[in-house]
Structures are given as structure tokens and as C-alpha cells.
Amino acid sequence: MPPLFVYKILKKGCQNIMITLTKLNGTKFVLNCDLIESIQENPDTTIRLSNGNVYIVKEPSDMVVELTAQFRRGILSGILDVNK
């Protein structure tokens, strides 16, 4: 397992916005995970987006998948809370 990096969901109030990742040079950036087409580890994690952009990040692929799942859960829970 690579060294532990800061993994978090960027939040604005209760609404999840996007996921925060780290480029290989240490620069943090926010990614719209709705655009992710594929994720590969070779050994660095390479994320290919549906718009053709490619990002290589420090986070392992399973962490990117988990962050994306958290993002989606946040969106769905917001929808369910509104309907109550």
C-alpha cells in the first residue's frame, strides 16, 4: 500500500461537490468524478475521462473508486432527504 495521503470529499454545507485527488507532483486538484471513464494502475493510478483528459494521481484506484462511491451516496442521500 502506498503512503497514506489525504483523501477527502470536498464539501459545501451538506452537499458533496467533487472528489479531491493529488497529482504526482503533490498538487491537489478537484475532479468531477462523473467524467471518469476508466481507472488503471501501472503502477501509478491513471484516470481517463470521457472528454479525453488523462490524470495520473498518487491515490490508489480503490481509493478513487471509494471516493466516487461516497460522492454518489451523498448525492442520493440528499435526494432522499428532500423527499421526506
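Residue positions within a chain follow its written sequence, with the count starting from 1. Totals for whole chains, interfaces and linings use all residues, but because this is a predicted model, local features are given only for residues with pLDDT of at least 70 and pairs of side-chain atoms are given and counted only at 80 or more. For the side-chain quantities, the full set of heavy atoms in the structure was used; hydrogens and water were omitted.

## Digging into the pattern of salt bridges
What counts as a salt bridge is simple: a side-chain nitrogen of Lys or Arg found within 4 Å of a carboxyl oxygen of Asp or Glu. What the rule picks out here adds up to 2 salt bridges. Among the ionic pairs, R72 bridges to D34, the shortest N-O distance being 2.6 Å. With R72 in helix 1 (residues 61-82) and D34 in the loop between strand 3 (28-31) and strand 4 (36-41), this residue pair connects regions lying 38 residues apart in the sequence. Residue exposure (1.4 Å probe, protein chains only): buried if accessible area is under 20% of the type maximum, exposed if over 50%, otherwise partly exposed. Judged by its relative accessible area of 48%, D34 falls in the partly exposed class. Measuring nitrogen to oxygen at the nearest pair gives 3.0 Å for the salt bridge that ties E66 to R73. Going along the chain from the N terminus, every DSSP run of H or I of four or more residues is numbered as a helix, and every run of E of two or more is numbered as a strand.

## Looking at the side chain of E59
For E59, the position within the fold is in the loop between strand 6 (54-57) and helix 1. At a separation of 2.8 Å, a polar atom in the side chain of E59 contacts the side chain of T22. By the criterion applied in these results, polar contacts are pairs of N or O atoms within 3.5 Å in which, for protein atoms, one can donate a hydrogen and the other can accept it, and in which residues neighboring in sequence qualify only through two side-chain atoms.

## Some words on the sheet that holds strand 6
Note: strands within a sheet are paired through backbone hydrogen bonds, in either parallel or antiparallel orientation. For two strands to count as paired, DSSP must find a minimum of two bridges between them. As summarised here, the arrangement of the 3 strands in space is 4-5-6, forming an open sheet in which the pairing is antiparallel. Of all strands in the sheet, those with a lone pairing partner are strand 4 and strand 6, marking the two edges. Strand-to-strand twist of the sheet, defined as the mean angle between neighbouring strand axes without regard to direction, takes the value 20°. Across 4 bridges, the pairing between strand 5 (residues 45-49) and strand 6 is antiparallel. By the bridge assignment for strand 6, T45 is matched with V57. Where helices are involved, their axes are fitted lines through C-alpha atoms of the stretch in contact, as for all axes, and angles between N-to-C directions lie from 0 to 180°.

## Describing the side chain of T45
Summarising the element assignment, T45 is placed in strand 5. With relative accessibility at 2%, the residue T45 sits in the buried group. Engagement of the side chain of T45 in a polar contact is seen with the backbone oxygen of E59, the distance being 2.6 Å. Residues in contact with T45, not counting those within four places in the same chain, are I39, Q40, Y55, I56, V57, E59, P60, S61 and V64. Contacts between residues were defined by any pair of non-hydrogen atoms, one from each residue, lying within 4.5 Å.

## Describing the nonpolar core
As used here, the term nonpolar core means buried Ala, Val, Leu, Ile, Met, Phe, Trp, Tyr and Cys residues forming a set that is joined through side-chain atoms within 4.5 Å. By size, the foremost hydrophobic cluster in this structure holds 12 residues: I19, L21, F29, L31, C33, I47, L49, V57, M63, V64, L67 and F71. Examining the composition of this core, we find that 4 residues originate from one element, helix 1, more than from any other.

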